[in-house]
Amino acid sequence: MRKSVIGQDEGLADDRWLDLEHLARAEITSEDSEYPIEFAIRSGSKEWRAARAGEQVIRFLFDKPQRVRRIRLVFEEERQERTHEFSLAWSGEDDSAPREIVRQQYNFNPPQNTREVEDYRVDLVGVTIIELRLRPDISGGNVRASLAMIQIA
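Residues numbered from 1 in each chain as written. Predicted model: local features only at pLDDT ≥ 70, side-chain atom pairs only at ≥ 80, totals over all residues. Heavy atoms only, no water.

K.L.:
Just checking my understanding: could you explain the pattern of salt bridges for this structure?
P.N.:
Pairing of side chains with opposite charge becomes possible as their charged atoms draw close. With the rule as written, the count across this model stands at 18 salt bridges. Salt-bridge contacts for Asp-32 lead to Arg-144; the nearest nitrogen and oxygen are separated by 3.0 Å. You can see Asp-32 sitting in the loop between β1 (24-28) and α2 (38-41) and its partner Arg-144 sitting in strand β7 (residues 144-147), a full 112 residues away along the chain. Note on Asp-32: relative accessible area 14%, which makes it buried. (Salt bridge = Lys/Arg side-chain N within 4 Å of Asp/Glu carboxyl O. Helix = DSSP H or I, 4+ residues; strand = E, 2+ residues; numbered from the N terminus. Buried < 20%, exposed > 50% of the residue type's maximum accessible area, 1.4 Å probe, protein only.)

K.L.:
Can you walk me through the pairing of strand β4 (residues 82-92) in this structure?
P.N.:
The side chains of a regular strand alternate between the sheet's two faces. Among the 11 residues in β4, 11 count as buried, and that is most of the element. Burial along β4 is two-sided: the residues Arg-82, His-84, Phe-86, Leu-88, Trp-90 and Gly-92 and Thr-83, Glu-85, Ser-87, Ala-89 and Ser-91 are all buried. Pairing of β4 with strand β5 (residues 99-108) involves 9 bridges; the strand directions are antiparallel. Bridge pairing in β5 links Leu-88 to Val-102. A loop of 6 residues connects β4 with β5, the two strands running antiparallel in sequence, and Asp-95 in this loop sits at a positive phi of about 55°. Where β4 lies against strand β6 (residues 115-135), 8 bridges are found, and the strand directions are antiparallel. In the sheet register, Glu-85 faces β6, and the bridge partner there is Arg-135. (Pairing = 2+ DSSP bridges.)

K.L.:
Help me out: how do you make sense of the side chain of Arg-70 in this one?
P.N.:
Among the structural elements, Arg-70 can be located in strand β3 (residues 56-76). Here the side chain of Arg-70 touches Asp-119 through a polar contact of 2.7 Å, side chain to side chain. (Polar contact = N/O pair within 3.5 Å; in protein donor to acceptor, adjacent residues only side chain to side chain.)

K.L.:
Just to check I follow, could you spell out the environment of Ala-50 for this structure?
P.N.:
Within the secondary structure, Ala-50 is located in strand β2 (residues 48-53). With 12 residues separating them in the primary sequence, Ala-50 and Phe-62 have C-alpha atoms 22 Å apart.

Have a look at this one:
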């Protein structure tokens, strides 16, 4: 008998998260030494935080081109009300300009809305760079960007 279990998470179990620490180099515009980027790519760790307020960029440069099928982002804000915006882009082997995958805003309103989880299904071939741009407060407030988790499969 051939069978399979189906449901709303069908296919997600086949995704294997890439080991970003060993497959890519990270470029970041700033980093709080107490909250390095490694925290955002390790399961069960703390979050990454910028060392200064304002827009930030996190870029992963892969040692070898990758096929990317899924990108998962988690943001958390438990302290203050704000609206943040992020954009996610990629570049390929052809060294072309980054191509945007998504641009999105989210309203944090503690204690009700404190966690944003975004899970994107994509089919990108020959990926050499994944770039995440963060505007922690679109109103221009003095807020440092943070990222609880990024996973790429």
